[in-house]
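# Chains, contacts and geometry: an overview
The lines below spell out each chain.
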Amino acid sequence: SAASLARWDGAAWSALGAGPGLAIWAVGQLPAGDLLVGCNAGYEPNNRALLRWDNTDWVPLGAGIDREVRALTTLPDGCVIAGGAFVQAGAVAARHIARWDGAVWSTLDTGVNGTVRALVTVPCGDVVAGGDFDTAGGVAASYVATWDGTVWSPMGTGMNAPVHALLALPNGDVIAAGE
């Protein structure tokens, strides 16, 4: 029995504690190996939309995130990017996307104007975000955009509907899937 999350060890499934008690949209990992889960928390007053497994319990990452986290990716420097429907990451106003450096949350410019549903880090270290948005950092970007660490850029003319999944290939190509 496992509540929303299970671990496969090569031979059998096992639970990770009692589970976070929320539906899980995304999984990720901190550089030290700690497991992260992005939860479908709706408005979560206890900031439990992004949780870290401390080998005993599920605890918010830093000061937490106020609404659902749907996507996670890790940068080459070990920082974590979270995307979702949230508007607050820790003490920072963050429109649907934020960066955790191991101590504090920060924004990626002005964020995006809708839910981030997918994130991937490409081989050069840039982050690609996909979801239900049409601007990123104030720049027109139809459902998909790239963050180079400083500014957002559209990816060509984008897509004609929301992006739900992204995959980075070793050569830097990106596969997008969705509606």
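First, a word on what this report is: a plain description of the structure on this page. Please read these numbers as outputs of a predicted model, since none were measured by experiment.

## Examining the sheet that holds strand β8 (residues 80-84)
Strand order across the open sheet formed by 4 strands is β7-β8-β11-β12, with antiparallel pairing between neighbours. Edge positions in the sheet fall to β7 (69-74) and β12 (105-107), since each of these pairs with one other strand and no more. Averaged over all adjacent pairs, the angle separating strand axes in this sheet is 30°, with direction ignored. The sheet contact formed by β8 and strand β11 (residues 97-100) spans 4 bridges and is antiparallel. For glycine 83, the partnering residue across the bridge sits in β11 and is isoleucine 97.

## Focus: the pattern of salt bridges
Taken as a whole, this structure holds 4 salt bridges when the rule is applied. Close ionic contact of arginine 70 with glutamate 68 constitutes a salt bridge, the shortest N to O distance being 2.3 Å. The pair formed by arginine 70 and glutamate 68 is uniform in burial state, with each residue classed as buried. Note that arginine 99 is salt-bridged to aspartate 77, the shortest N-O span being 3.5 Å. On the criterion of sequence distance, the pair formed by arginine 99 in strand β11 and aspartate 77 in the loop between β7 and β8 is long-range, its members being 22 residues apart. Residue aspartate 77 is classed as exposed on the basis of its relative accessible area of 53%.

## Digging into the pairing of β8
In terms of burial, β8 is largely enclosed, as 5 of its 5 residues are buried. Residues Val80, Ala82 and Gly84 line one face of β8 and the alternating positions Ile81 and Gly83 line the opposite face, and both faces are buried. When β7 meets β8, the two strands line up antiparallel, connected through 5 bridges. The partner of valine 69 across the bridge, within β8, is glycine 84.

Cut-offs applied
Residues numbered from 1 in each chain as written. Predicted model: local features only at pLDDT ≥ 70, side-chain atom pairs only at ≥ 80, totals over all residues. Heavy atoms only, no water. Pairing = 2+ DSSP bridges. Helix = DSSP H or I, 4+ residues; strand = E, 2+ residues; numbered from the N terminus. Axes fitted to C-alpha atoms, helices over the stretch in contact; angles between N-to-C directions. Salt bridge = Lys/Arg side-chain N within 4 Å of Asp/Glu carboxyl O. Buried < 20%, exposed > 50% of the residue type's maximum accessible area, 1.4 Å probe, protein only.

Read these as layout, nothing more, since geometry by itself doesn't imply function.
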